[in-house]
Amino acid sequence: MLVYIVVALFLALLFLNFYFKREILRHYKVLVKNRVEFGVSHIFSPKKMEEEVLGKYPACREDILAFSAKIRKSLLMAVGLILAIALLSFIIVKLKNP
C-alpha cells in the first residue's frame, strides 16, 4: 500500500514539474523579451524585489510578481513532495527489514 502512495507522489512530482514549467516559461518569455533582470535573492525576498526590481520595470510588474510567486510555490511543493517520498520510502524499508 505504501509503495503505491510513493509512486503516486512521484507521479505528482512529475506532473508538478511539467505544469509549473509551462506556467513559469510563459512569464519567463515575457521577461526575457523585455530584458528584465533580477537575481535569485529577489525571488525569495518580496521586499527586495519591490525595492530594487519593480521600480525599474513597472510595465512588467504583473509578470515579475507572477513569475517569482510561481517559482516559490513550485519549490515549496517540490520540497514537500520529495520529503514525503523520502519519509514513506524510509518507512517501507524499515517495515521490510525490521
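Description of the structure in this document.

The rules we used
Within any chain, residue numbers begin from 1 and follow the written order of that chain's sequence. Local features in this predicted model are restricted to residues of pLDDT 70 or higher, and side-chain atom pairs are both shown and tallied only at a pLDDT of 80 or more, whereas totals for entire chains, interfaces and linings draw on every residue. Side-chain metrics in this entry use all non-hydrogen atoms of the structure; hydrogen atoms and water are not considered. Only the contacting stretch of a helix is used when fitting its axis, a line to C-alpha atoms as for every element, and angles between N-to-C directions run 0 to 180 degrees. Strands are runs of DSSP state E lasting at least two residues, helices are runs of H or I lasting at least four, and both sets are numbered from the N terminus onward. Any angle from 65 to 115 degrees is called roughly perpendicular, while one under 35 is roughly parallel, one over 145 is roughly antiparallel, and all others are oblique. For any helix crossing, the convention is left-handed if the near helix is rotated counterclockwise from the far helix by under a right angle, and right-handed if that rotation is clockwise. Any residue outside Ala, Val, Leu, Ile, Met, Phe, Trp, Tyr, Cys, Pro, Asp, Glu, Lys and Arg is labelled polar, Gly included; the first ten of those are nonpolar and the last four are charged. Salt bridges are counted wherever a side-chain nitrogen of Lys or Arg sits within 4 Å of a carboxyl oxygen of Asp or Glu. The contact criterion used throughout is that any non-hydrogen atoms of two residues lie within 4.5 Å. Between 30 and 60 degrees the pair is tilted, below 30 it is stacked and above 60 it is edge-to-face, where a pair is any two Phe, Tyr or Trp rings, Trp via its six-membered ring, whose centres lie within 6.5 Å. Think of it in three bands: with a 1.4 Å probe and only protein chains considered, a residue is buried below 20% of the maximum accessible area for its type, exposed above 50%, and partly exposed in between.

### Things to note about the packing of helix H1 (residues 2-33) against helix H4 (residues 61-96)
Between H1 and H4, whose axes approach to 9 Å, the crossing angle comes to 165°. Comparing the axis directions of H1 and H4 gives the class roughly antiparallel. Considering the relative orientation of H1 and H4, their crossing is left-handed. When its residues are assigned to classes, the contact of H1 with H4 shows 28 nonpolar, 3 polar and 4 charged.

### What to know about the pattern of salt bridges
According to the stated counting rule, one finds 4 salt bridges in the structure shown. Close ionic contact of Glu 23 with Lys 70 constitutes a salt bridge, the shortest N to O distance being 3.0 Å. Of this pair, Glu 23 sits in helix H1 while Lys 70 sits in helix H4; the two residues are 47 residues apart in sequence, bridging distant segments of the chain. In the salt-bridge network here, residues are joined through shared partners; they are Arg 22, Glu 23, Arg 26 and Lys 70.

### Quick notes on unusual backbone geometry
In this structure, Arg 35 is a non-glycine residue whose phi angle is positive, near 55°. For Arg 35, the location among the structural elements is in the loop between H1 and helix H2 (40-43).

### Here we look at the environment of Val 6
With respect to the secondary-structure elements, Val 6 resides in helix H1. Through-space distance from the C-alpha of Val 6 to that of Tyr 57 is 43 Å; in sequence the pair is 51 residues apart. Discounting residues that sit within four places of it in the chain, Val 6 has contacts with Ile 85, Leu 88, Ser 89 and Ile 92.

### Let's talk about the packing of aromatic side chains
The way to describe two aromatic rings as a pair is by their centre distance and the angle between their planes. The final tally for this structure, using the stated rule, is 4 aromatic pairs. Summarising the aromatic geometry, the rings of Tyr 19 and Phe 20 are spaced 5.1 Å apart at their centres and angled 75° between planes, so their arrangement reads as edge-to-face. Note on Tyr 19: relative accessible area 35%, which makes it partly exposed. Taking the relative accessible area as the measure of exposure, Phe 20 reaches 6% and is therefore buried. Summarising the aromatic geometry, the rings of Phe 38 and Phe 67 are spaced 6.0 Å apart at their centres and angled 70° between planes, so their arrangement reads as edge-to-face. On the criterion of sequence distance, the pair formed by Phe 38 in the loop between H1 and H2 and Phe 67 in helix H4 is long-range, its members being 29 residues apart. Classification of Phe 38 by relative accessible area gives partly exposed; the value is 22%.

The analysis is restricted to geometry; functional conclusions fall outside its scope.
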